[in-house]
Amino acid sequence: MLKGFFHVPKAVNEPVKSYAPNSPEKAAVQAAYTTMWNSKIDVPLYIGSEEIKTGNTKTISAPHDHKHIVGTYHLAEKQHIEKAIANALESRKAWANMAWEQRAAIFLKAAELIAGPYRARINAATMIGQSKNIHQAEIDASCELIDFLRYNVEFMTQIYGDQPKSDSTTWNRLEYGPLEGFVYAITPFNFTAIAANLPASAAMMGNVVIWKPSDSQVFSTKIIIEVFKEAGVPDGVINVVFGDALMITDTVLASRDFAGVHFTGSTHVFKDIWAKIGANIHNYKTYPRIVGETGGKDFIIAHPSANVKQVATGIVRGAFEFQGQKCSAASRAYIPQSLWPAVKEQLIADVKSMKMGSPEDFGNFITAVIHEGSFDKLAGFIDQAKKDADAEIIVGGNYDKSVGYFIEPTVIVTTNPKYTTMETELFGPVITIYVYEDAKWEETLELVDTTSEYALTGAVFSQDRYAIEVATTKLQNAAGNFYINDKPTGAVVGMQPFGGARASGTNDKAGSALNLLRWASPRTIKETFVTPEDYRYPFLG
């Protein structure tokens, strides 16, 4: 709620460091990587002021060297989840009533800790635990997370500053209090920034949180927790639990005090959570807020007027950065016949020039996919494409999991616009291309719009403004983030609010005030200065 109003520092986007040879940032992150690689961490549950080690543990290994163990983490039982809920609700009494500027100061400090003393460590942890190359780690674990924390404070002040009109007889005001109860944050492996932002954004608005990180992101989760603790997030405000996802979710959703879920993950899991909330609806004190960003089958479509090198670069970066493991990654493309020979030549040359291996080698563009389950699924689709008459692999198609979960960047060309990999979300370094007749531009736009159940991101490449206008109109429901002459990835906080609809989520736009509003429960207060003392209105005579 609003208790005093102050000017806060204007949010600015954190500059991306280059990590060029002989740069100080390169030396710092290499040193942090070596230290963390050669030590083993032990990650407890964080419940209230306690760090609980249950003794029931799982190991943490690097996807690019899966036999190398870098730590262990402890698994919760039902009693620990119930304890976390109780701690959160107890902590809410003080946290919900803390002045907003005090909460803001905590998260602004967290941003500066990441920008400075924690930068090398959080990047190195993301490189080791999630197999991101240094550039991908920098733009995620450092820059995007810093931006989330800074901009969310600015968005919070914008929300609090939005007040109703008053006149000389009444004073009207809005209080933006937290939800009544606690928020459940479920976060993915693929972005350290998202992992931190989902609990932090709800907490910044005065909520208390039960946070379940992905089992494949625990290594960098520990750094996030260290940052939050040093920044001053009070014990019990963000409680961190690991373990069986079904048990944790069922225990959380059974609580009468469950007030909302902040989710990024698979469409199937999100739908299951939504169904369980519906089944429990009569049990809750309030209607829970349901905010989720899920899958994508993101597209690139090129018009015959498009620049060939720009199209090829958009495909390569959009499909293969971080091994295609972004919700926004391009995984289907539509190229006109007139451009295809040149685009194909450039694609093959670009993919063959890529180096693949450990992120410790800064010359590697491609590293490993996250785990064996992902590797096996992707290998299965690649093998099937090798057999199918209506598909051809023009580059890539090899894979090896003997050391790490490595899959070559793979380009499939199909004559069937509804081929399996044109429709199914793969979440890996595989893109499928359909070559269309130049004259069928608008028909192909219709195909793009109707092929997938998802609507997260998409891109159009064209030098023809009329064609851009037609595509923008016809594809208005096909992508919540729509890019013109750029790859469909890399949304920047404060610039491109992120989220999509259809099966891609609730489109609540992370990186904007729209998302923060979901974690506020507004109360309107009307104060009348001279109160009537007679019930009769003038019309009564």
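Source: prediction; values computed, not measured.

*Asks:* Which residues make up the sheet that holds strand β4 (residues 57–62), and what values do they have?
*Replies:* The strand order β1-β5-β4 describes an open sheet built from three strands, whose pairing is mixed. The strands lining the two open edges of the sheet, one partner per strand, are β1 (41–43) and β4. Neighbour to neighbour, the strand axes of the sheet diverge by 40° on average, direction disregarded.

*Asks:* Could you give an account of the UniProt feature "domain: Aldehyde dehydrogenase" (unreviewed entry) in the protein chain, naming the residues involved and the relevant values?
*Replies:* As annotated in UniProt, the feature "domain: Aldehyde dehydrogenase" (unreviewed entry) corresponds to residues 59–512 in the numbering used here. End C-alpha atoms of residues 59–512 are separated by 36 Å, and the span's content is 42% helix alongside 20% strand.

*Asks:* Any details on the pattern of salt bridges? Residues and values, ideally.
*Replies:* Pairing between side chains of opposite charge can happen when their charged atoms approach one another. One pass over the full model with this rule turns up 26 salt bridges. Here Asp140 makes a salt bridge to Lys132, at a shortest N to O gap of 2.8 Å. Overall, the relative accessible area of 0% leaves Asp140 in the buried class. As a salt-bridge pair, Glu226 and Lys222 come within 2.9 Å of each other at their nearest N and O atoms. Of the two residues, Glu226 and Lys222 both sit in helix α7 (residues 218–231), four residues apart, roughly one turn of that helix. You can call Lys222 buried: its relative accessible area is 18%. Connected via shared salt-bridge partners are Glu14, Glu112, Arg119, Glu138 and Arg150.

*Asks:* Any details on the packing of helix α3 (residues 100–115) against helix α5 (residues 134–161)? Residues and values, ideally.
*Replies:* Running from N to C, α3 and α5 point in directions that differ by 160°, and their axes come no closer than 8 Å. One finds that α3 runs roughly antiparallel with respect to α5. Crossing hand, α3 versus α5: left-handed. Here Trp100, Arg103, Ala104, Phe107, Leu108, Ala110, Ala111, Glu112, Ile114 and Ala115 of α3 lie close against α5, whose contacting residues are Ala141, Ser142, Leu145, Ile146, Leu149, Arg150, Val153, Met156, Thr157 and Tyr160.

*Asks:* So, the domain arrangement of the protein chain: which residues are in play, and what are the values?
*Replies:* Looking at the protein chain, the domain boundaries give domain 1 (24–294 + 505–524) and domain 2 (298–484). With 27 residues of domain 1 at the contact, the number on the domain 2 side is 29 residues. Across the domain 1/domain 2 interface, buried area totals approximately 2,300 Å², and carbon plus sulfur atoms make up 60% of it. The largest contributions to the domain 1 side of the interface with domain 2 come from His64, His66 and Phe189, which together make up 22% of the buried area.

*Asks:* If you had to explain the nonpolar core to someone new, which residues and values would you point to?
*Replies:* Proteins that are soluble and globular tend to have nonpolar side chains buried together. Counting 108 residues, the largest nonpolar core has Phe107, Ile210, Trp211, Ile238, Val252, Phe258 and Val261 as its most contacted members. Counting residues per element, this core draws most heavily on α5, which supplies 13 residues. If sequence neighbours within four positions are ignored, Ile210 has contacts with Ala84, Ile85, Ala88, Phe182, Val183, Tyr184, Ala185, Asn239, Val241 and Val252. Within the second largest apolar cluster, 31 residues are counted, among which are Leu378, Ile412, Val448 and Ala479.

The rules behind the values
- Residues numbered from 1 in each chain as written.
- Predicted model: local features only at pLDDT ≥ 70, side-chain atom pairs only at ≥ 80, totals over all residues.
- Heavy atoms only, no water.
- Pairing = 2+ DSSP bridges.
- Helix = DSSP H or I, 4+ residues; strand = E, 2+ residues; numbered from the N terminus.
- Axes fitted to C-alpha atoms, helices over the stretch in contact; angles between N-to-C directions.
- UniProt positions renumbered as here; feature names shortened; annotations may be inferred.
- Salt bridge = Lys/Arg side-chain N within 4 Å of Asp/Glu carboxyl O.
- Buried < 20%, exposed > 50% of the residue type's maximum accessible area, 1.4 Å probe, protein only.
- Parallel < 35°, antiparallel > 145°, perpendicular 65-115°, else oblique.
- Left-handed = near helix turned anticlockwise from the far one by under 90°.
- Contact = heavy atoms within 4.5 Å.
- Domains from an automatic or database assignment.
- Buried area = accessible area lost by both parts, 1.4 Å probe.
- Core = buried A, V, L, I, M, F, W, Y, C linked by side-chain atoms within 4.5 Å.

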